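# Survey of secondary and tertiary structure
As a plain string of letters, each chain reads:
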Amino acid sequence: MKALVCEAYGEVDDLNYREMEDPVPGPDDILVAVKGIGVNFPDGLLVEGKYQFQPECPFAPGSEICGDVIGLGSNVSNWAIGDRLISLTPNFGAYAEKIVLPAAIPTPLPDFMPHDLGAALLGATGTAHHALRQRGQLKAGETLVVLGAAGGTGTAAVQIGKAIGAKVIAVCSSDEKLAFAKEQGADIGINYAKEDLKAAIKKHTDGRGADVVYDVVGGDAFDICSRAMAWNGRLLIVGFASGRIPELPVNLTLVKGYSVVGVFWGQFSQNEPEVHAANMRELFAWVKDGKVTPVIDSIYPLSKGIDAIKYVTGRHVMGKVIIKPDEEIS
Ligand SMILES: NC(=O)c1ccc[n+]([C@@H]2O[C@H](COP(=O)([O-])OP(=O)(O)OC[C@H]3O[C@@H](n4cnc5c(N)ncnc54)[C@H](OP(=O)(O)O)[C@@H]3O)[C@@H](O)[C@H]2O)c1
């Protein structure tokens, strides 16, 4: 099979599109023909050796796929050849034409969803859903502030915030991204490259501050939001796309009476599989009803996967970027 391979930690440009041996499923595994790959911000960090996990080289990066079952381990009874699925890939390896996965991990892809939407859905939308439902306890009528609101998981947070019935304030670095976030349902936009973020949040919440902040950016934006929270607010720590992990003077949480809540969707899906399955059922229902629709910014062939990663880490993306094996692109 073809794969995009990290031969040694270094530049994303050094990834190598080449033949790799087909993976072989163990007794509890399935073999999957990859139809689509979700590109995520950490894919670049992983290749550069800056991610929290460092698999042994050579390896194919990537952590989420959509595909069809083409092989079954001897103990596997919950999948059949031809079944369609979406999955996290716990040991990376998504940037390839085939992958072996533990049979317990993937989620069946409903018939109404094409492979491309499946590849764009799981990580970004699953994260936003878990963050807002379990961690943020977002309620109808509350005010949700979404940082990085035009990015992969930010777009999903805007749509899910509206599906829950919140008032959604999108925060983006350009007017073009804000216009996109409003198309996804955001009620209000703040361009934090131009506007004073704290003053704008206060203005749009009648001085109360945000009930829930969905923070994928960290750094200065976190510092500002930590001073713009409502009483009983929940400041959700999702990511640090700005590159700086912020520190918090914890007296702020005491004085303002809010909580800082960490979100780690991948771990959640393994630690709480039943809640995760219920989340996916709700998400699929929302997708069917049109309340949540993964937005595909662009599709790259696997042979051009380097460009896909650089597009995402270069702060350009609006929605999701996906990769497909070259033969799947007509
Ligand atoms: N905790 C979890 O379970 C979990 C799950 C998924 C993702 N994440 C994390 O969440 C973060 C966002 O993921 P994503 O898939 O939404 O990424 P994305 O599509 O690249 O969006 C990230 C957004 O962050 C903003 N940003 C601010 N400073 C940036 C910088 N220096 N470089 C790039 N972007 C910058 C950008 O919006 P503006 O230009 O509008 O500022 C961008 O749209 C990542 O750090 C990822 O690792 C965490």
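Residues numbered from 1 in each chain as written. Predicted model: local features only at pLDDT ≥ 70, side-chain atom pairs only at ≥ 80, totals over all residues.

### Notes on the domain arrangement of the protein chain
Under the convention used in this document: Segment limits for the domains were obtained from an automatic or database-derived domain assignment. This entry defines residue contacts through backbone-placed C-beta atoms, with two residues in contact when those atoms are within 7 Å. As a working rule, the residues Ala, Val, Leu, Ile, Met, Phe, Trp, Tyr, Cys and Pro are called nonpolar, Asp, Glu, Lys and Arg charged, and the rest polar, with Gly in that last group.
The domains assigned to the protein chain are domain 1 (2-109 + 296-328) and domain 2 (124-266). Measuring from the centre of the C-alpha atoms in domain 1 to the corresponding centre in domain 2 gives 29 Å. At the interface, 7 residues of domain 1 touch 10 residues of domain 2. Partitioning the side of domain 1 that touches domain 2 into residue classes produces 4 nonpolar, 2 polar and 1 charged.

### What to know about the nonpolar core
Stated formally: By definition, a nonpolar core groups buried Ala, Val, Leu, Ile, Met, Phe, Trp, Tyr and Cys residues that are joined through C-beta atoms within 7 Å. Here a residue counts as buried when 20 or more other C-beta atoms fall within 10 Å of its C-beta, as exposed when 12 or fewer do, and as partly exposed in between; the C-beta atoms come from the backbone. In this description a helix means any DSSP run of H or I spanning at least four residues, a strand means any run of E spanning at least two, and both kinds are numbered starting from the N terminus.
The biggest cluster of nonpolar side chains holds 100 residues, and the ones touching the most others in it are Val145, Val146, Ala149, Ala170, Val171, Tyr214 and Cys225. Looking at this core element by element, the count peaks at 9 residues for helix H2 (residues 115-135). For this core, the two domains that each supply at least three residues are domain 1 (2-109 + 296-328) and domain 2 (124-266). Each residue touching Val171, except ones within four places of it in the same chain, is listed here: Val145, Val146, Leu147, Ala149, Ile190, Tyr192 and Leu197.

### A closer look at the site of the ligand
Rules: Here, nearness means that the C-beta atom of a residue, built from backbone geometry, sits within 6 Å of the molecule or strand in question.
Inspection of the region around the ligand gives 30 residues, with Gly148, Gly151, Gly152, Ser173 and Gly239 positioned closest. Counting contributing residues, the shell around the ligand receives three or more from each of domain 1 (2-109 + 296-328) and domain 2 (124-266).

### Description of the packing of H2 against helix H9 (residues 273-289)
Convention followed: Throughout, an axis means a line fitted to C-alpha atoms (over the contacting stretch in the case of helices), and angles, computed between N-to-C directions, take values from 0 to 180 degrees. Any angle that falls under 35 degrees is termed roughly parallel, while one over 145 is termed roughly antiparallel, one within 65 to 115 roughly perpendicular, and all others oblique.
Relative orientation of the contacting elements H2 and H9 amounts to 110°, with a least axis distance of 10 Å. Here H2 is positioned roughly perpendicular relative to H9, judged by the angle of their axes. Counted together, Thr125, Gly126, His129, His130, Arg133 and Gln134 of H2 and Val275, Asn279 and Leu283 of H9 form the full contact between these two elements. Class assignment for the residues of the contact of H2 with H9 results in 2 nonpolar, 6 polar and 1 charged.

### As for the sheet that holds strand E13 (residues 259-262)
Note the following rule: The pairing criterion for strands is at least two bridges between them, as found by DSSP.
Here 6 strands make up an open sheet; going across it, the order is E10-E9-E8-E11-E12-E13 and the pairing parallel. Each having just a single partner strand, strand E10 (188-191) and E13 make up the two edges of the open sheet. Pairs of neighbouring strands in the sheet enclose a mean axial angle of 20°, with direction left out of account. Sheet strands touched by helix H3 (residues 152-164): strand E8 (143-147), strand E9 (167-172) and strand E11 (210-215). Its angle to E8, the strand with the most contacts, is close to 170°. Across the sheet, helix H4 (residues 175-183) is in contact with E9 and E10; its angle to E9 comes to roughly 155°.

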